[in-house]
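Per-entry structural report
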Amino acid sequence: MRGRKSLSKIITVIVFIGLLTGSALLSRQRLSSVSGDTLQTKEQALEKYGFYLEPNNKEANINFRHQSPQLDPKLKNIEPQIASMGASVSIVDFDNDGWNDIYFTNSRIGSQNALYRNLHNGKFENVAAQMGVADVNKKGTGVSMGAVWGDYDNDGYEDLFLFKWGRPELFHNVGGKKFVNVTEGSGLPKWVNANCAIWFDFDNDGLLDLFIGGYYDEKYDLSNLNTTKIMPESFRYANNGGRKYLFKNMGNGKFKDVTNEYGLNSTKWALAAGAADLNGSGYPDLFIANDYNVDELYINEKGKRFVEKGRQSGIGDIPKSGMSVAFGDIDNSGLLGIYTTNITEKGILIQGNNYWKPTGPQTQEPKFANLAQLAGIENAGWSYGEQFGDLNNDGYMDLYVANGFISGKKGTSYWYDYSKVTGGNSAIIGDAANWPDMKGKSQSGYQEDKIWLNNSDGLFEDVSDKVCPYADFDGRAVAMADLWNRGVLDVIVANQNNIPLVYKNIQRNNNHWIDFDLHGTVSNASAIGAKVEVQWSGKKQLQVITGGIGFASQNQHRLHFGLGNCSKVDRVLIHWPSGQTDEIINPEIDKRHVIKEKKARA
Amino acid sequence: MQVIENENLTNTHFWSFWKKNYFTYIPPTFITLILLVGQIFFGILDSYINVMVAIGTSVVSEALLARFVLGTRKNLASAYITGISVGILVRSNMVWPYVVTALLSILSKYVLRYKGRHLWNPSNFGVSWMLFMVPAYVAGLSMQWGSNLLPMSVIWLLGLGIVYRAKKLHVTLTYVTSFIILAYVRSLITGDVFLAELSPLTGPMYQLFIFFMITDPGTTVSGKKAQILVAILVALVEFVLRLNGFIYAPFYALFLVGPVARFIDLRKSAPKTEIKLTT
């Protein structure tokens, strides 16, 4: 008996020491792998992965630089915290020349937004001033936070909606020659502290409607405050953010506020929104990524109203810091999953990003399970924007996630100060005056963006250090577009208070591709909400056209599908918002197909 | 707080046992209540599985270790509290850290002993180790709970009632008073407003700390004055750690001060024989 007890004691001590050392070593190993020096040369990356993202700002003649907003002096102690957004990027072919152009927003009073026209020779030219969309950051009407493009009057040219911490503004595209500000009389609100907006046709009437998500309460002008009690009431359960706006397009250049009528009464802190038909009803549902609370999923009930089903669907149980949303069919199942970014800071806040994979049949009340951890796309950093796209044309959607919050003085951290107030009572956290002075400190700064390569087996490989030069800007918006009509997706990243990164995607592989550029006739002319399913080699991949996706960003209008080394596409199904489905058998590959919805407008 | 066990319970009539020992089950009931209320009204838990795993690991390992290492049976209420504390205080996207933290917590009771008594509060040991040494996988409950006044007030009132009944109110009050005074001193040093320094005390991490960890009868020293002194020392070490930016300063302070105080106390007073009435 005594011997057995002694043996038990020895085993207990061994297990104890083993657990202590094993857990510590495991953690250390992971931390060193995160900050490892795995940088590879361009040649090595091309050889191994078949692509390389090469910074191309200089060659493309893009010299834009973002400037953060200036705030009321009362917020001086945490100005970098609050003024941490506004760098956005959206892709548009505003002059219908078949080449993608780029729009960047700026956020300081007096700063200029930039519209880079594609010159077809590898270079771009900033034409924002001559087109009338540069000088938009003014005292009294606020500063830009992002932009989305959509043809709201179905005249064949993409119009510009600018969301701001200020007055939202609508610019009509006049034949690709100039933009006219048509905000006055359009029915848009006087002031919204918005960090997201999307175009979508929620009632499928062929006219693009608008959703705007408020972040800070709309009663505040952050550059001119009479209170400091503007902050979230909780780090996880805040409901004191800005209101939401749903505007129905009345068809005469006017928009009607139908927010309450349609049941969008949330005042959570919205940072991103995306719309796609997630339950097969034929109507676009609305996903909202919220900071300081749970994300929300609004199911569209036949264009008549929205019903929030976040909790029932599985996506609304755990409050995190929702920063962005994107849709991606990562396993070629023909179903859209939802990826949302959050915050991961080792040892302090491990939220993890989510990939919500649909489970079971598509029904009025869809269900999702979070597979981000299994897929290896969970922990990125302090993440903001994201986009899915097939970067190496192998037939599987890869993922780009922008990271980094505030890069202040190197070697400093505001996290301790931050944790003091964010863990406290609402009366304390809600008042900016209580927040410790940042004194130039960093908070999750100097982080590298994540690039995850889809290895086709449901697992992603982190190739962040391997397929592009090291960069640690404070990444915000991400967009993917074929900037030089080469059949590949280039990547554009808008960085806060810094230059953007325009990555040219250099390919070295034998992979094929196919693009679809859709134009609605019965459906809205931008074909926003249209879904394309491409079937080849036993695979089927689904993509959707969105009027803004990610964080403060919009991808190119055309949909790009990598095909791997397969030289034949079996079938393509195009599901238009009007309800019509077009079928194309054996379309030509390595080609952009411009497709007009068959049925003519009545 | 850990429960006070009585090895003779098995021979006691149920009703008399209940009358004499009902308090044993109040702390576990209270912490369960906090968990349920928090989960129902706020959804504090990211996953039920993690808490269940932590509780299961804690209880099973306690039962096994007591049987094979001490050769006795133990009331498992203490292990239950350890498990539930681990489940609430540890935040991880993976399940294994809950298993390891719970295991380390219970194992520490059987390995790190002096004169037959364990030195560390079990969950304080496990949680502190994981937060400090395993940051790649684990974070703490520093900012991830509700911030409303009403539930916080209810938890404070109930918690104070419990520690009063456990005759540890002086420990909690001493620590809280020390924290408030030192928060003011910190605000003078850092230049941050007093409310910012006071703020952590209003959060969930401290509610668990002051009602369940620092008052643990199994690891507090004997004598009221000594207990008050230790509470002040914990607050002082925490003060220093906070000035150096340690988010989980209270855990680390108790981790450092608690066992030293306990060691000195045992050296001075406790008998050399193995004590079976463990906590």
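The structure this text deals with has already been given above.
The helix and strand inventory of chain A stands at 9 helices and 38 strands. Relative to its length of 602 residues, chain A is compact, with a C-alpha radius of gyration of 24 Å against a globular reference of 25 Å. Referenced to the eigenvectors of the C-alpha coordinate spread, the extents of chain A come out at roughly 95 × 65 × 50 Å. A separation threshold of at least 6 residues defines the contact pool for chain A, and within that pool the share at least 24 residues apart is 63%.

Here Lys219(A) shows up in the loop between strand 11 (209-216) and strand 12 (244-249). Taking the C-alpha atoms as reference points, Lys219(A) and Cys196(A), 23 residues apart in sequence, are found 17 Å from one another.

What follows is about the pairing of strand 9 (residues 178-181) of chain A. Residues and elements named next belong to chain A. As defined by bridge partners, strand 8 (residues 169-174) adjoins strand 9 across 4 bridges and the pair is classed as antiparallel. Looking at the pairing, valine 174 lines up with lysine 178 of strand 9. Between strand 8 and strand 9, which follow one another and run antiparallel, lie 3 residues, and glycine 175 among them has a positive phi close to 60 degrees.

The next thing to look at is the interface of chain A and chain B. Each partner contributes residues to the interface: chain A has 46 residues there, and chain B has 47 residues. Of all the secondary-structure elements, those providing two or more residues to the side of chain A that touches chain B are helix 1 (2-34), strand 21 (349-350), helix 8 (415-422) and helix 9 (426-429) of chain A. The dominant element in the side of chain A that touches chain B, judged by the number of residues it contributes, is helix 1 of chain A, at 14 residues. Here the residues of the side of chain A that touches chain B sort into 21 nonpolar, 15 polar and 10 charged.

Residue and element names in this part refer to chain A. Strand order in the open sheet made by the 4 strands is 14-15-16-17, with antiparallel pairing throughout. The open sheet has two free edges, formed respectively by strand 14 (269-276) and strand 17 (305-308), since each of these has just one partner strand. When the angles between neighbouring strand axes are averaged without regard to direction, this sheet yields 25 degrees. Two strands pair when backbone bridges link them, and strand 16 (residues 296-301) and strand 17 are joined in this way by 4 bridges, in the antiparallel orientation. Note on strand 17: the bridge partner recorded for tyrosine 298 is glutamate 308.

Criteria and thresholds
Residues numbered from 1 in each chain as written. Chains lettered and ligands numbered in written order. Predicted model: local features only at pLDDT ≥ 70, side-chain atom pairs only at ≥ 80, totals over all residues. Helix = DSSP H or I, 4+ residues; strand = E, 2+ residues; numbered from the N terminus. Rg over C-alpha atoms; globule rule 2.2 N^0.38 Å. Contact = placed C-beta atoms within 7 Å. Pairing = 2+ DSSP bridges. Nonpolar A, V, L, I, M, F, W, Y, C, P; charged D, E, K, R; others polar. Axes fitted to C-alpha atoms, helices over the stretch in contact; angles between N-to-C directions.

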